[in-house]
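Remarks on the overall topology
Single-letter residue listing:
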Amino acid sequence: MRLSRSILAGYGFRTTPEAHRELATLTGREVISLELVDPRLFHLDLALAVLDDERDHIAYYPDAFSKGSRRLLAGLFPDALIASELDAYAFGLNTVSDGLHVFIPAGARQLREGLAAAGYWPISVDLSELIKGGGGVKCCTQEIRPARNTRATSVGLAPLLPDERVERPAPFRLRASEEDSSFQRDVREEHHIRRAGASS
């Protein structure tokens, strides 16, 4: 999982630490290795969520990790949100976040409240059928990040010439469901107030 300057990577069930060393070589980034010990949370996406990769803010379920990895997480991320067992087993950490909006399974109610209190805009998604097969919100997505100094073409990515500029698309707007609209509006307004205060 990508942070501002490093990568979080899990091992213990599906991956070995040797793969993390190769990842560090390929990316040139520090790779923080975390040992997973709960067989029901066999993948890092089930035990930890990156909420904001610019501020390096995360949420995680401590008991999914070995003692050493728990100490490492507590030291590196003292302001992390801590998920409960119920949230973790509802795949509440298998989320997608853009730094404000957090798409989260409907069953992770306590984590949803924690996200709102931290200034995020949680959006519940009913994935009860998918969860039966072992999947969550993030399993329904594919992150595509263009390489730095490249532009999109009809066949892929090409290097930018020195005088080329790429226009950034306008941020998309989300439409809240009937169930969540007033709750999400309150969270969004509070978030904008906090950001305005921080920038003044």
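Let us look at the structure shown here.

How each quantity is defined
- Residues numbered from 1 in each chain as written.
- Predicted model: local features only at pLDDT ≥ 70, side-chain atom pairs only at ≥ 80, totals over all residues.
- Heavy atoms only, no water.
- Helix = DSSP H or I, 4+ residues; strand = E, 2+ residues; numbered from the N terminus.
- Buried < 20%, exposed > 50% of the residue type's maximum accessible area, 1.4 Å probe, protein only.
- Contact = heavy atoms within 4.5 Å.
- Pairing = 2+ DSSP bridges.
- Core = buried A, V, L, I, M, F, W, Y, C linked by side-chain atoms within 4.5 Å.

Regarding the side chain of Thr-95
Topologically, Thr-95 is positioned in the loop between α4 (85-89) and β6 (96-97). A relative accessible area of 6% means that Thr-95 is categorised as buried. Apart from residues lying up to four places away in sequence, Thr-95 is in contact with Ala-49, Val-102, Phe-103, Ile-104, Val-137 and Lys-138.

Quick look at the environment of Ala-106
Within the element layout of this structure, Ala-106 appears in the loop between β7 (101-105) and α5 (109-117). Separated by 16 residues in sequence, Ala-106 and Pro-122 place their C-alpha atoms 9.9 Å apart. In contact with Ala-106, not counting residues within four places along its chain, are Ser-124, Val-125 and Asp-126.

Quick notes on the pairing of strand β4 (residues 57-60)
Burial along β4 is two-sided: the residues His-57 and Ala-59 and Ile-58 and Tyr-60 are all buried. Note that strand β3 (residues 48-52) and β4 share 4 bridges and pair antiparallel. Across the sheet, Val-50 pairs through a bridge with Ile-58, a residue of β4. Taking the residues between adjacent antiparallel strands as the criterion, β3 and β4 are bridged by 4 residues, where Asp-56 takes a positive phi near 55°. Relative to strand β5 (residues 81-82), β4 is paired through 2 bridges, and the arrangement is parallel.

Here we look at the side chain of Ser-84
Residue placement: Ser-84 occurs in the loop between β5 and α4. For Ser-84, the residues in contact, after removing those within four places along its chain, are Tyr-61 and Gln-110.

A few points about the sheet that holds β4
Strand order in the open sheet formed by 3 strands is β3-β4-β5, and the pairing between neighbours is mixed. Both edges of this open sheet fall to β3 and β5, since each of them pairs with a single strand only.

Here we look at the environment of Arg-109
On the secondary structure map, Arg-109 appears in helix α5. On a C-alpha basis, the gap between Arg-109 and Gly-92 in space is 8.5 Å, while along the polypeptide they are 17 residues apart.

Focus: the nonpolar core
Counting 34 residues, the largest nonpolar core has Leu-8, Leu-48, Ile-58 and Phe-65 as the members making the most contacts within it. At the level of secondary structure, the elements contributing two or more residues to this core comprise β2 (30-35), α2 (44-47), β3, β4, β7 and α5. Here this core takes 4 residues from β3, the largest share from any one element. Beyond its immediate stretch of four places on either side in the chain, Ile-58 contacts Leu-3, Leu-8, Leu-48, Ala-49, Val-50, Leu-51, Leu-73, Phe-77, Ala-80 and Leu-81.

With respect to the sheet that holds β7
Strand order in the open sheet formed by 3 strands is β6-β7-β8, with mixed pairing between adjacent strands. Only two strands of the sheet have a single partner each, and these edge strands are β6 and β8 (121-125).

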